Amino acid sequence: GENVEQHPSTLSVQEGDSAVIKCTYSDSASNYFPWYKQELGKRPQLIIDIRSNVGEKKDQRIAVTLNKTAKHFSLHITETQPEDSAVYFCAASMGSQGNLIFGKGTKLSVKP
Amino acid sequence: GAVVSQHPSRVICKSGTSVKIECRSLDFQATTMFWYRQFPKQSLMLMATSNEGSKATYEQGVEKDKFLINHASLTLSTLTVTSAHPEDSSFYICSARGGGGELFFGEGSRLTVL
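Every chain's residues receive numbers from 1 upward, in the order its sequence appears when written. Lettering of chains starts at A and numbering of ligands starts at 1, both following the order in which they are written. It should be noted that, the model being predicted, local features are given only for residues of pLDDT at least 70 and side-chain atom pairs only at 80 or more, the latter also being counted only at that level, while totals for whole chains, interfaces and linings use all residues. Here the side-chain values reflect all heavy atoms present in the structure, with hydrogen atoms and water set aside.

### A closer look at the sheet that holds strand β6 (residues 56-59) of chain A
Residue and element names in this part refer to chain A. Within the open sheet, the five strands sit side by side as β1-β3-β8-β7-β6. Their pairing is antiparallel. The open sheet is flanked by β1 (4-7) and β6, the only strands paired with a single partner. Shown here is a sheet whose adjacent strand axes are inclined to one another by a mean of 15°, direction ignored. Here four bridges tie β6 to strand β7 (residues 62-67), and the two strands are oriented antiparallel to one another. What sits directly across from glutamate 56, in β7, is threonine 65. DSSP bridges decide pairing: two strands pair if at least two such bridges lie between them. Working definition: helices are DSSP H or I runs of at least four residues, strands are E runs of at least two. Numbering for both runs from the N terminus. Every axis corresponds to a line fitted to the C-alpha atoms, with the helix fit spanning only the stretch in contact, and the corresponding angles, defined between N-to-C directions, vary from 0 to 180 degrees.

### Topic: the interface of chain A and chain B
We call two residues in contact when some of their heavy atoms are within 4.5 Å. At the interface, 18 residues of chain A touch 20 residues of chain B. Note: buried area is the sum, over both parts, of the accessible area (probe 1.4 Å) each one loses when the two are combined. Carbon and sulfur atoms make up 50% of the area that chain A and chain B hide from each other, which totals about 1500 Å². The largest share of the area that chain A buries against chain B comes from Arg43, Asn99 and Phe102 of chain A, three residues that together contribute 34% of it. For glutamate 107 of chain B, the salt bridge goes to arginine 43 of chain A, with nearest N and O atoms at 3.6 Å. Any N or O atom pair separated by 3.5 Å or less is treated as a polar contact, with the protein-specific requirement of one donor-capable and one acceptor-capable atom, and with residues adjacent in sequence counted only for side-chain atom pairs. The tally of links between chain A and chain B comes to five residue pairs in polar contact (both at pLDDT 80 or more). Those elements that provide at least two residues to the side of chain A that touches chain B are β4 (32-38) and β5 (45-51) of chain A. Basic side-chain nitrogens of Lys or Arg form a salt bridge, by our definition, when they fall within 4 Å of a carboxyl oxygen of Asp or Glu.

Here it is, written out as structure tokens:
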């Protein structure tokens with residue numbers, strides 16, 4: 001089955017700096033890769049997703065890149081703000097209706 | 001976006017009792033819902049896939065007789081933790097697919113078994 005590895009497990013940056021979180025997946029059939037943000041005690045919220053037919057997607061300060069050959073995808077947050085502090089999860093699935101397999105999460109701390 | 005509501009948000013029960021958690025899709029129909037378990041500072045672990053009108057599909061290692069799942073309608077799935085024990089204490093969270101394939105999560109239910 002699919003296995004998703006996520007790094008780093010913790011990331012601390014200064015406000016205004018960029019943050020990058022990387023994930024690798026094992027099943028080459030996976031073609032849907034969402035990213036979720038989870039604040040303490042709250043539900044995960046979808047922040048951006050990418051499908052295997054594109055290599056990059058941007059939404060304001062957030063971008064995701066996908067390298068299908070290497071089977072890895074990354075989340076990039078620019079101009080970080082304290083409210084970006086949360087746990088971020090990557091995930092992979094085969095098709096938009098397949099089971100999502102999550103990475104172990106990255107705790108991002110943005111220091112003012 | 002689509003709304004998924006989960007109830008109760010917190011529940012404390014005595015060891016040996018059963019607890020039911022409800023997951024509702026409020027503005028869309030969900031033929032499939034997913035149940036996850038999350039331990040503190042850990043990731044979301046898929047427990048089972050709930051299918052409307054049929055039996056749930058459980059992930060390896062998840063006891064189907066302990067975690068009973070019922071998906072009786074297109075908007076409601078329930079998870080019942082039977083004969084709960086302290087090791088069942090965890091954050092349980094459900095989710096459902098929106099029309100575009102994106103996954104929407106309920107608020108989660110924190111179960112504490114004394």
